[in-house]
Amino acid sequence: MSGARLRADGALALFHVLEQGQSLRHSFAQVQARHSERDRAWLQEMVYGVLRNLPQLQLWLRQLVQKPLKSKQKVVEHLLLLGLYQLAYSRVSTHAAVAETVGACEKLKCNGLKGLVNACLRNFLRQELAKQLTEDPQIRSGLPKWLYQRLSENYSTDLHKVVTAINERPPVWLRVNTQQVSKEAFCEALSDHGILFDGEVAQVPYGIILRKGYDLTTLPGYQQGWFSAQDGAAQLAGPLLNAQAGDRVLDACAAPGGKTCHILERQPKLSECIALDVDPQRLQVVAENLTRLQLSATLKQGDAAHPDSWWDGNPFDRILLDAPCSATGVIRRHPDIRWLRKDSDIGKLQATQEHILEAVWPLLKPGGTLLYATCSILAEENRQQIQRFLRRHDDAQLSPVSSEETPENPGWQILPGHMEMDGFYYARLIKC
Ligand SMILES: C[S@@+](CC[C@H](N)C(=O)[O-])C[C@H]1O[C@@H](n2cnc3c(N)ncnc32)[C@H](O)[C@@H]1O
């Protein structure tokens, strides 16, 4: 496939995310099929790079192109961002970056803008703009203003650390399915296949970190369900919920089922595990994951905030509420999130989380455990949410999951990069 086609597809992917609000996964799905694995990896690297450095790239773009492009030509602005990224941040040769980016105009049916793209990239080189990085900390952070502001309020002293971690490339974690294979045997199989990995990961007993990129479907035991891809922080949910034999468990927001599967792998003798999700398509993925891992659960499609429509009246011993959230803890893995989320989403998400918490709490048996989890790093969705819940419910008691936890500072906020994990939050509540 030509370099021009690749760059045109990169521009289209960026256009879908930044102008149409599509997720990058969805957007890539539309363009990736026509490229080889190697080209797909290159495309991802470039598009992720643009999304991680967008404010600086846009600043340069405004210096080079005074008038924003309109309607059908808008995609050429995204092509230019991709061109600037190649010149400023990648090892792509200057010649290829300019020639192939100009060539991409044809693929985007914007032949008339070839001259503009050529002039813009050449001016960027001539003016040595790559050396002129802004001092503005928000632009340098690669984050939108609203998110930078919220993180500044949340993490005054740790801000730099958090922002740096958000922009790093995360490793791929695996979770061993000990119902199918022991961790030792799996590690041996990986070594036999020459896979580079770390098998000793503190606090995450069944976790493995891959040290190189691999197609996971080609790793030993994929078809037999020996492992799943799951970040280390997400692997803490199962142990913290600690379901026991005979327990009735509700996973209230279950799809795509990573944590449901882990709960079942840890304790195969539950009386029942209900995996609930509001989204039927995502629930289908839970079914597929359960099948591959040779596990079984009761799948229910329904709104956790309205149990009347799906609950049979039998209470639960354990509830996992992995609530819908801003996903600010996993931005390093999904750089599109920073541009898809809006400031106004946070209040709405907070309200949804509260509704679901209120709705599922009565479903818990006295003495039962509810584990609240989010992949957010914003106190609004985490600590403050649980503080308010504890104030409203005399029958809720905090069961600490970290040594720093107090009733005033409930839960465990894991920051991105901590022990190579994603940003995550856990709070465990016991019903008195
Ligand atoms: C953070 S994801 C859950 C990830 C999952 N626990 C895992 O480990 O694979 C949140 C899920 O909540 C679901 N969801 C959102 N609102 C919901 C609601 N009101 N009731 C049930 N599920 C909901 C979404 O469809 C999404 O699948």
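Computed from a predicted model, the values in this text were never measured in an experiment.

Procedures and definitions
Residues numbered from 1 in each chain as written. Predicted model: local features only at pLDDT ≥ 70, side-chain atom pairs only at ≥ 80, totals over all residues. Heavy atoms only, no water. Domains from an automatic or database assignment. Pairing = 2+ DSSP bridges. Helix = DSSP H or I, 4+ residues; strand = E, 2+ residues; numbered from the N terminus. Contact = heavy atoms within 4.5 Å. Axes fitted to C-alpha atoms, helices over the stretch in contact; angles between N-to-C directions. Near = heavy atom within 4 Å. Polar contact = N/O pair within 3.5 Å; in protein donor to acceptor, adjacent residues only side chain to side chain. Areas by Shrake-Rupley, 256 points an atom, 1.4 Å probe, with all protein chains shown as cover. Nonpolar A, V, L, I, M, F, W, Y, C, P; charged D, E, K, R; others polar.

## Details of the domain arrangement of the protein
Part 1: Partitioning the protein into domains gives domain 1 (3–134), domain 2 (172–229) and domain 3 (234–431).
Part 2: One C-alpha centre belongs to domain 1, the other to domain 2, and the line joining them spans 36 Å.

## Looking at the sheet that holds strand β2 (residues 197–198)
One key point about sheets: their strands pair by backbone hydrogen bonds, in either a parallel or an antiparallel sense.
Part 1: As summarised here, the arrangement of the four strands in space is β2-β3-β1-β4, forming an open sheet in which the pairing is antiparallel. The strands lining the two open edges of the sheet, one partner per strand, are β2 and β4 (227–229).
Part 2: When strand β1 (residues 172–176) meets β4, the two strands line up antiparallel, connected through three bridges. Residue pairing across strands places Arg-175 opposite Ser-228, the latter belonging to β4.
Part 3: Across the sheet, helix α13 (residues 258–266) touches β1 and β4, and the angle it forms with β1 is around 35°.

## Concerning the site of the ligand
Part 1: Taken together, the neighbourhood of the ligand is formed by 19 residues, with Asp-277, Arg-282, Asp-303, Ala-304 and Asp-322 sitting nearest.
Part 2: Separating a nitrogen atom of the ligand from a backbone N or O atom of Val-278 is a distance of 3.2 Å.
Part 3: Side-chain polar atom of Arg-282 to an oxygen atom of the ligand: 2.7 Å apart, as the coordinates give it.
Part 4: When the ligand is considered free in solution it has 600 Å² of accessible area, and contact with the protein chains removes 84% of it.
Part 5: Across the shell around the ligand, the residue classes tally to 10 nonpolar, three polar and six charged.

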